[in-house]
Structure formats: C-alpha cells, structure tokens
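Here's the letter readout for the chains.
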Amino acid sequence: MGLINLSSPHHHSLSQTSRLMALVLLATLPGLAAQSYFYGYGTLINLVWASFLALGFEALILYLRGRPIMPYLTDGSALVTAFLLALALPPFSPWWLTLVAVSFSIIFAKHLYGGLGSNPFNPAMVGYALCLISFPVAMTQWAGTEMTMTFGQQWQWFWLESVTGGIDAYTSATALDIMRHTKGLTLSEVASSNPQLALGLTASMWVNIAYLLGGLVLLGFKVFTWHAPVAMLASLGFCAGLFHMGEPDLYPSASQHLLTGATMLSAFFIVTDPVSGATSRKGKLVFGIGVGILVFIIRSYGSYPDAFAFAILLMNLSAPLIDTYTKPKAYGHQSKAPRSQGRP
Amino acid sequence: MTKLWDFHGGVHPIQNKDQSNQLPINTMPLPKQLILPLSQHIGNQAKAIVAPGEYVLKGQLIASAQGFISANIHAPSSGFIDAIEERTLPHQSALTGECIVINTDGKDQWTKLHPVSNPETVSKQDLLHIIQAAGVTGMGGAGFPSVVKLQSKAKIHTLVINGAECEPYITSDDRLMREYADQIIAGISIAQLLLDQPRCLIGIEDNKPEAIIALNEALSSHTNDKASIEVCVIPTKYPSGGEKQLLEILTGLQVPHGGIPADIGIVCQNVGTVKAIYDAVVLGQPLITRITTVTGKAAKNAGNYEVLIGTQTGDLLDFAQVDMSKTSRLVMGGPMMGFTIQDTQTPLIKSSNCLLAAEDLELAPIADHHSCIRCGLCEVACPAQLLPQQLFWFAKAEEFEKAQDHNLSDCIECGACAWVCPSQIPLVQYYRFAKGRLKDLASEAHIAELSRVRFENREQRLIDEKLAKEEKRKNRATAAAAAQAAKRAANPSEQDPIAAALARVNAKKQEQEQEPKKQVDSAPKTHEQIYKELKTAAAITRTKLNKTNKALANAVAKDHELAQGLQTTVDELTIKAADAQGKLQAYEAKLGLDPEKEKALLTDVAKANALVRKLEKALATSLDPQEVETQLVIARVSQKTSANALAKHQTNLPSTLLPEQEQ
C-alpha cells in the first residue's frame, strides 16, 4: 500500500456538526411538548411544515449556488432554523406565515450571506422579525389556554384561516401583552380584573421550565458554554428585579420576566447560536448581558409582544465589535513579571 | 506533595498506550547501514570530519558541532563510511539533507571511553564539556542542544523533568522510566549539580502508574541533601507534556511571550535527555542510541526498541514485524503532532520517539471538511488560549497580519483544536500555512529594508563624492586666482584677460556706432553696394555675438564679476544680429533673390563636376572601360544640365548684382 502524506493531527474526536445539531433538535423536545400541551396542536403542525420548507429551500438554494447538496442538507442547520421558527411563531400561524418566515430565513438571512457559518444574523430571528413587522395581527394571535382546538380544527385553521365558532374563542393575549397593554392599571389590579393572566403566566412558566431543562442538557453535553445564556438571564433578572423593587405595581418581577414569553427558548437555543454571536467567552458574556438589557427595555417600553428577535438581532450587529474588544490574553501574555521569582 | 495547577484547554484523546507498553524494551540487532543526518538538532548543522572509505569505531566523533547551538554526532557502530551525501530526512515534506552513511562491519567495536564514576569530583566546566562532546540533545521532540540549557546564566530555582508523555500511542518514556529509573535519577543529580542545586519536579501523567512507582523506588534509595527531587503525578490531559503546559501545571508560571523557561527561573529536560546525560558522564558514552516505540495495529510486535541513531525506519518496521500492507499512513511521532513519512529509508534521529503504523480505521478518517460554525470548541481546547476559529478565518482569507495580532506565533501546533473540530477542519494546516507566509513576508520585508538602506547609502555616497569634487574644484580655483593675483602683482601692466576682452568689445561697439555717420554723406549706392553692406553688417554682428557669448561663458564659469555686464551685451547683440539678418532677408526678397536655390544649384554643378573628374580618372585604370564610359557620358550630360540651370537662374537676377554672385 502506498504511503500518504497528511498533516497532523492524525487523530480526531469524531465529533460532527450534524451530531451537535441533532442534540440541539432533541433538546427542544421538552419545550415542544409543553407548548403543545398548553396551546394545542398548532406548534406541531407548524414544526412539520417549517421543517419541510426549510429542507426544501436549503436544497434549492444549495443547488442554485452549485454547492454539494447532501453534505449541507444533512448537517442539520436548516432543521434547527425551522424548529426555532416553528417554536417561536404563534401556534395559530397559518401556512403562509411560516412559509414567509422560513423562506426568508433560509434564502436571505442564511444563504445570501454565504451559507452556514457566514451569516451575521441568526436566520430564524431575521425571519421572525420580518413577520413581526409585516403581519403584526397574525403574529399576535396567540393561543389561549382555556380552550384548545382539536387537531381537525387546527388543521382547518392552518390552511383556511377559518374555524367554526370563530378564532376569538381560542385566542388570548400572552401574559406579557396583558401586563403591558393595561398600563393604566397597576399589576395587582390587572391580575384581579383579568383571570386569563394567571392562567397565561402558569402555562408560560411551564413552557419556559421545559426549555430550561433542554438547555441544561445541552450545557451538560458541552454543546455551548454557560457564558451567554447565564449572562443574558442574569442581566434580564437584574434589570427586572431592580425596577420591580422601585415600582412593584408598574414592573413585573424578575421571575415573571424570566419565566414568560420566549425567555428560556432564546437563552438556550438562540443566544447560544455560535455563528452570529460573539467569539470569546468574555465576548459571550458581553453579548448575553446586552441581550438581557435590550429585552428588558423593549419589553417594558416597546410595543411588540416580545423583544427577543430585536434584542438578538441588535446584538448580532454588535458581535464583531465585541470580538474586537474581548480578545482573550494568550498564554505568556498574562503578566509581565513572573509571580514567584524568589521561590527556592 | 507539590501543589498542581491546571493549564487552559486540553483534550482527552483515546490513549492506546497499552498496545506498546506491555513488553520490556527490546534491543534491535545491528542494521547493515546507518544514515546519520548532520542536522538532527535545532541550530547549526554539524560538520563532517570523516571521509568516505574511512573506518570508524563505535562512539567515534564523525561530525563536530558548529557554533554554540549545535551538536556533535558520533558513529553508532563501527564500520566504513560509505558516503557523505544527500538523503531523505525525517521531515513532513521529505526534505533531503547531508548525511553520513556508515556500512557497519558487525564488530560493533567501541572507541576508547572516559567514564566518570563520581560526577561530583569533576568541575562544572568539565561536566559541561563532557555533555557537549557527547552530542546530547533534547530527546522529547525539538532536539535542542542540552548543554545550552544547562549553563543558563539566569538563577534557576526549579528543574522540571518531563515524563508526561501526553501523546497517545507513544510509550518510549514510560518504558524508559520503568527500566532506567536509577539512571534517570542519577542524570537529574548531574543536572542539578550544574544548575546550582535547584529543586527538581518530575511530571508524569497518572496513566503511567508503573513508571511512577519505579521512579519513587529509585528516589527512596537516592540521597542528596542539597536539593530535592519529587515525582509529581499530573492528570492525564493532552498536551500536558508540552514544555510550557507542564511548567504551568507544576509551578503555576507561564513562560512570557517570546521568552524561554529560564526567564522565569526554570529549566526543563525530558527524561530521555537526563538518561542521555547520565550515559554521557557516568558511562562516557555519547548519544548513539535511543528508545523508539513502534506501535499501531499494523505492527505485530508493537513495543519499544532500543535502536541505534541512524537506523532506517524500514529496518525497525521489519524487526517489529509491521505489515505494511495494512497501513497507508506511517507517522513518525505521535498521532497528534507527528508527521507522515513515505520513504522507509528515512533514518531515525536523536528525537525520533515513535513510529506509528496504524491501520486505516484507527486514525482519523480523511474527511471532507464542513463550514466553520464558530462553535468555539477549539477555543475551549486551545492550551495557548488563542481563538483558533478566528485564526482560521484569517488564515483562510490570507489576512496574515490579523492572524499575527491574534498571536498566531504562540500556537504550539498541538492539534487540540483540529481534534475537537466538529466540522473536521484541518486547522493546524491552516496555521502552518499562515506561519510560513508570515515568515516569507518577514524575510521579504527584511530584504526590502536592506535594499532601502543600501540605496540610501549609495545616494549619500554620490552626494558626498559630488561635494568632495566641488570642494576640490573650489580649492583649485582659489589657488589659481591667488596665483593670478600674485602674477598680476608681479607684473601690473598685464590686465585681466576678461576685462581686456570686454574693453575690446566696447571699443568696437563704439566704432560701429560711428560707422553709419561716416556713410551719410556718400553718393547714392547701387543695389549691389547696399546688398553687400547688409551682408557684411549681418556677418559682423553674428561674429560679435559669438565672441561675446564665449566671453560670457568663460566669465560665468569663473564666477567673474563682469558676467553681469557681458550678459547685457549679449542680449543687445542678439537683438542686433536678428535685426541685421532680418534686414538682409528683406532686401533679398525685394530683389527677388533666392540664395537657398542658388546654393543648391551651385552644389549640383560642383557635384557633377566632381563626378566627371572622378570618372575620367577611373577610365584610365578601369578593367571595364565600356561601362565607365557609359557612366561618363551620363555624368557629362548632368554636368551640362546643372550648369545650364545655374546660368538660367543667374540671368534672371538684376544685372547689377551679377558680379557679386560669382564664387
């Protein structure tokens, strides 16, 4: 047998991008289950539809770009985008809303920037933000928890956007929305006047706990480091706690902030996106803190149902700058003076 | 128990050490031929001091160190020098280099050795000399001449002995420590003696319990009240055996960027190196053998072999019964940092610790790599605390200066980043490429700088030469002026020639100005007279102008004070000359004269005359008179024609001018 010439190392951990992506997909399952339990079949239908679309668009654009299709299609990155979108979009998303979000994510946010690894923005968040701006009504029709649709009703809604008895019977504003859009009242007044709030908060809390569990599994498998998610949660909790202490009737508490909306989904599945985030660990801390503060500001003073898409996109924008200023000190650059010159 | 520190990053590859560490070290039989590269170490290549055909004894010096950082090379066995020529070196790119080739004679006869049974009785200088003469270099990989480290000028507080052997598969140091523990401890004592008795820490990974026991046993029977020796068991983590990493584990100190361990009071030696120091001093033997691991699933008799330096890899592979049909990747060194070789004649050198003949599925598959997703696993793994993913982007985009800014030069090429990379990117290859390009750029910049300095020096030299010339010329001029002044002083009647010339010119000028007045009252002139006068006036002004010009040039060259005045005269004369010429031409036009045409006709006539004369002469001597005669006839015709043309032209002129036109 002829001997070949190869560069070291000749050994490999045999880790693979596709395996990392598969782990991420698996880790979303607890959250998916919780979301389906509380809000009905909408998320599941969306998930299948989004996955189908994502793989289709990915294959199409890889073909158009003249890239090998199978290696990239099987790396799982398109599926991750599809999952994140499906989980983030409201359960009552009609087919076309998901289509717009997924196609824009895959084609524009990902491949027009050079494909996997080269996109400056998180593709799922770009797709989400586009829909949020373009179709605000559809994006705020969140499922209520008191009455959930049967699979048949959901299926009908998904394609036809009509359902017997009218959509209003099934929708409800999210807890975040209720808390924000009743600014005239104090939070305790809102809570006593709106029985939906307590129910919404409970559902939201369990969904968030489910995502937290999935995230901890990923952390355990070292898919990402703790820096970005912990920094984000800590800064969001800190801001919320600080304002809540000052004006408890105007600002929801830290736990309400941490366990409503897309907080945990974002913290462990979106803020941790390595491609569009900061590079070094110090950078990831800064990135996470930035997202947390922006989320608090947009949630408290903005007019959108949740703040993550914008907060993350804004921080994606700052990631290169953060990288520039958080370069770690390499070995031997730490300190000028050796610390124990006099040791025996 | 010394406190241990941790170093950043690191990975945990499958060890695969039990493939080769089960059996005792086996001595390989004497090979027929040994190939000894003259450069087996860092520093200057050694110089061969034997000639082909010469007989050498085992241990005889055959190539001597050149300069401070270099190492001697000795004959590993007795035999005849076959050749000193270019052979393939153990190198990633299979470079060739000068090698001494010895055909062994089988007698394995030693040269006379000078063992020192008790090193403490010998002066430091002599000990250093013995180690230097024995050609001891680092046995761990880099091959740095050991004696250089042992005469460190800085105060050394800790001697670190590297027995970590963190690379998977390799077990040569493991077996060495198990079987030569006493010699290693004795070697350490010699090194401590040379370094003014620093404490000694032996770092061994915890995956070598037998070696740890063996060394501790050896220590228990060792007595040295001057300096301590301690075996430090460190956690198994690649690359703990990297010099910088091991120092950090054992002392918590980092070698400053661009520095050496001695800068922080530490010297680091490999266990094999201290054993070689022992051999050199106590046995008097130069470094001519080493322990090399042969391993991998293609090796039937995987294990450790004591081989002579210069043994061809093929010989050792055969002896270890490696089935070469099972392997396509022969690695010299370990799987993380070793390099592949293709030529089994490649010799083993002082730093060759392992030959890995792995089956194809044993090592990383040759996979297509995917896009970097900046997952950061490489950053977590990097023991040099770099940002490997950023370095990769920079290397790929050929932004070498940015890579340098991100401390590319601190990369130790351990391969941990590439090992963890889920996209299977051959990161180290990118870094080597970038480092190579940076080196090229630096040397290009150096050459450019040299050229710039040379150019500037040349420019300066030219300016200096010019100034010197000017200076000389000025001196000469001053001397000449002084001589002139002296002469004038001696002979006051003689005037300055320039002043004289100027006076003459002025005199003539006045004369000329008076001339027209003389002619005012003369009789009315004929055309002929006027024409002649005008012609003369033009000629005179031209001549004056020329003369004054010359005088001016002369004055300017001598920097004479009259130059200014002369310049004015020249300007006046130039105008006058142009005026005179203009008047002449105007008069010619008035008379219908055409001096140019007349000149041309005259030339024609003269030419025709000349040709006729020439042909008449030729006719007398020609061998072909007929031909010449024909030409003569033609020439005479043209002579007549031109003469007629001239005559015709002249008859057209005013009669009064006719006499004037005769030449």
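A. A look at the overall build of chain B. Counting secondary structure elements, chain B contains 18 helices and 17 strands. The C-alpha atoms of chain B give 49 Å as radius of gyration, which overshoots the globular expectation for 663 residues (26 Å, by more than 25%). Based on the C-alpha atoms only, the size of chain B along its principal axes is roughly 145 × 75 × 60 Å. Taken across its 663 residues, chain B has 42% of its residues classed as buried. Considering only residue pairs separated by 6 or more positions, chain B has 73% of its internal contacts joining residues 24 or more positions apart.

B. Local environment of the environment of Asn72(B). Residues and elements named next belong to chain B. Mapped onto the elements, Asn-72 comes out in the loop between strand 5 (61–64) and strand 6 (73–74). The buried category is assigned to Asn-72, around which 21 C-beta atoms lie within 10 Å. For the pair Asn-72 and Leu-601, spaced 529 residues apart in sequence, the C-alpha to C-alpha distance is 96 Å. Excluding residues that lie within four positions of it along the chain, Asn-72 makes contacts with Ala-46, Leu-61, Ala-63, Ser-64, Ala-65, Ala-133 and Gly-135.

C. Quick look at helix 13 (residues 227–246) of chain A. In this model helix 13 of chain A runs 28 Å from its N-terminal to its C-terminal C-alpha over 20 residues, within 8% of the 28 Å that 1.5 Å per residue would give. Every buried residue of helix 13 of chain A is accounted for by His227(A), Ala228(A), Pro229(A), Ala231(A), Met232(A), Leu233(A), Ser235(A), Leu236(A), Cys239(A) and Ala240(A).

D. Expanded view of the domain arrangement of chain A. Residues and elements named next belong to chain A. Its domain assignment divides chain A into domain 1 (17–172) and domain 2 (208–323). Contacts between the two partners involve 25 residues from domain 1 and, on the opposite side, 23 residues from domain 2. Secondary structure elements with two or more residues in the side of domain 1 that touches domain 2: helix 1 (17–27), helix 2 (29–39), helix 5 (77–88) and helix 7 (123–134). For the side of domain 1 that touches domain 2, the per-class residue count stands at 19 nonpolar, six polar and no charged.

E. Structural context of unusual backbone geometry. For the peptide bond that leads from Ser8(A) to Pro9(A), omega is -5°, which places it in the cis range. In this fold, Pro9(A) is placed in the segment before helix 1. Between Tyr238(B) and Pro239(B) the backbone carries a cis peptide bond, its omega angle lying at -5°. Tracing the backbone through its elements, the reader meets Pro239(B) in the loop between strand 11 (229–234) and helix 6 (243–251). One non-glycine residue, Asn16(B), lies in positive phi territory at about 55°.

F. Highlighting the interface of chain B and chain A. Every contact between the two is made by 58 residues of chain B and, on the other side, 41 residues of chain A. Only strand 15 (329–332), strand 16 (339–340), helix 9 (377–381), helix 10 (388–396), helix 12 (416–420) and helix 13 (427–490) of chain B provide two or more residues apiece to the side of chain B that touches chain A. Considering only residue class, the side of chain B that touches chain A consists of 29 nonpolar, 22 polar and seven charged.

G. Broad picture of the sheet that holds strand 6 of chain B. Residue and element names in this part refer to chain B. Pairing is antiparallel across the open sheet formed by three strands, whose spatial order is 3-5-6. Each end of this open sheet is capped by a strand with a single partner; those strands are strand 3 (47–48) and strand 6. In the sheet, strand 5 pairs with strand 6 via two bridges, with the strands oriented antiparallel. Note on strand 6: the bridge partner recorded for Ala-63 is Ile-73.

H. Summary view of the sheet that holds strand 10 (residues 199–205) of chain B. All names here are of chain B. The four strands lie next to each other as 11-10-9-12, forming an open sheet whose pairing is parallel. In this open sheet, the two edge strands, each paired with only one partner strand, are strand 11 and strand 12 (266–270). On average, each strand axis in the sheet is inclined to that of its neighbour by 25°, with strand direction left out of account. Both strand 9 (residues 158–162) and strand 12 contribute to a ladder of five bridges, which runs parallel. Its bridge partner lying in strand 12, Val-160 is registered against Cys-268. Contacts from helix 6 reach strand 9, strand 10, strand 11 and strand 12 within the one sheet, and its direction differs from that of strand 9 by about 125°. Sheet strands in contact with helix 7 (residues 271–283) are strand 9 and strand 12, and its direction is about 85° off that of strand 12.

I. Layout of the pairing of strand 17 (residues 354–358) of chain B. Residue and element names in this part refer to chain B. Of all the five residues making up strand 17, five are buried; the element is thus mostly covered by neighbouring parts of the structure. Alignment of strand 13 (residues 289–295) against strand 17, held across three bridges, turns out to be parallel. Residue pairing in the sheet places Thr-293 in a bridge with Cys-354 of strand 17. Bridge analysis of strand 15 against strand 17 gives four bridges, and the strand direction is antiparallel.

J. The arrangement of helix 13 of chain B in detail. Residue and element names in this part refer to chain B. Along its 64 residues, helix 13 runs 93 Å from first to last C-alpha, staying within 8% of the 94 Å computed at 1.5 Å per residue. The buried count for helix 13 comes to five of 64 residues, which makes it a mostly uncovered element. If you check which residues of helix 13 are buried, you get Leu-427, Val-428, Tyr-430, Tyr-431 and Ala-434. In this structure, the buried side of helix 13 is in contact with helix 9, helix 10, helix 11 (400–405) and helix 12.

K. Here's a closer look at the nonpolar core. Counting 239 residues, the largest nonpolar core has Ala82(A), Leu85(A), Tyr128(A), Ile131(B), Leu215(B), Ile277(B) and Leu427(B) as its most contacted members. With ten residues, helix 5 of chain A is the single largest residue contributor to this core. With residues up to four places along the chain from it excluded, the contact list for Leu427(B) reads Cys378(B), Pro388(B), Phe392(B), Cys417(B), Ala418(B) and Cys421(B).

L. Examining the confidence of the model for chain B more closely. Residues and elements named next belong to chain B. Per-chain confidence: chain B averages 87 in pLDDT, with 95% of residues scoring 70 or above. Confidence drops under pLDDT 50 across residues 655–663; counting only partners more than four residues distant or on other chains, this segment forms 15 contacts. This prediction of the complex comes with two scores: 0.74 for pTM and 0.82 for ipTM.

M. Geometry of the packing of helix 12 (residues 195–220) of chain A against helix 15 (residues 263–270) of chain A. Residue and element names in this part refer to chain A. Packing of helix 12 against helix 15 leaves a shortest axis separation of 8 Å and a crossing angle of 15°. Relative to helix 15, the element helix 12 lies roughly parallel. Considering how the two elements wind past one another, helix 12 and helix 15 form a crossing that is left-handed. Touching Asn-208, Tyr-211, Leu-212, Gly-214, Gly-215 and Leu-218 of helix 12 are Thr-263, Met-264, Leu-265, Ala-267 and Phe-268, all from helix 15. Here the residues of the contact of helix 12 with helix 15 are counted per class, giving seven nonpolar, four polar and no charged.

Parameters at a glance
- Residues numbered from 1 in each chain as written.
- Chains lettered and ligands numbered in written order.
- Predicted model: local features only at pLDDT ≥ 70, side-chain atom pairs only at ≥ 80, totals over all residues.
- Helix = DSSP H or I, 4+ residues; strand = E, 2+ residues; numbered from the N terminus.
- Rg over C-alpha atoms; globule rule 2.2 N^0.38 Å.
- Buried ≥ 20, exposed ≤ 12 C-beta atoms within 10 Å, placed from the backbone.
- Contact = placed C-beta atoms within 7 Å.
- Expected span 1.5 Å × (residues − 1).
- Domains from an automatic or database assignment.
- Nonpolar A, V, L, I, M, F, W, Y, C, P; charged D, E, K, R; others polar.
- Pairing = 2+ DSSP bridges.
- Axes fitted to C-alpha atoms, helices over the stretch in contact; angles between N-to-C directions.
- Core = buried A, V, L, I, M, F, W, Y, C linked by C-beta atoms within 7 Å.
- pLDDT = per-residue confidence, 0-100.
- Parallel < 35°, antiparallel > 145°, perpendicular 65-115°, else oblique.
- Left-handed = near helix turned anticlockwise from the far one by under 90°.

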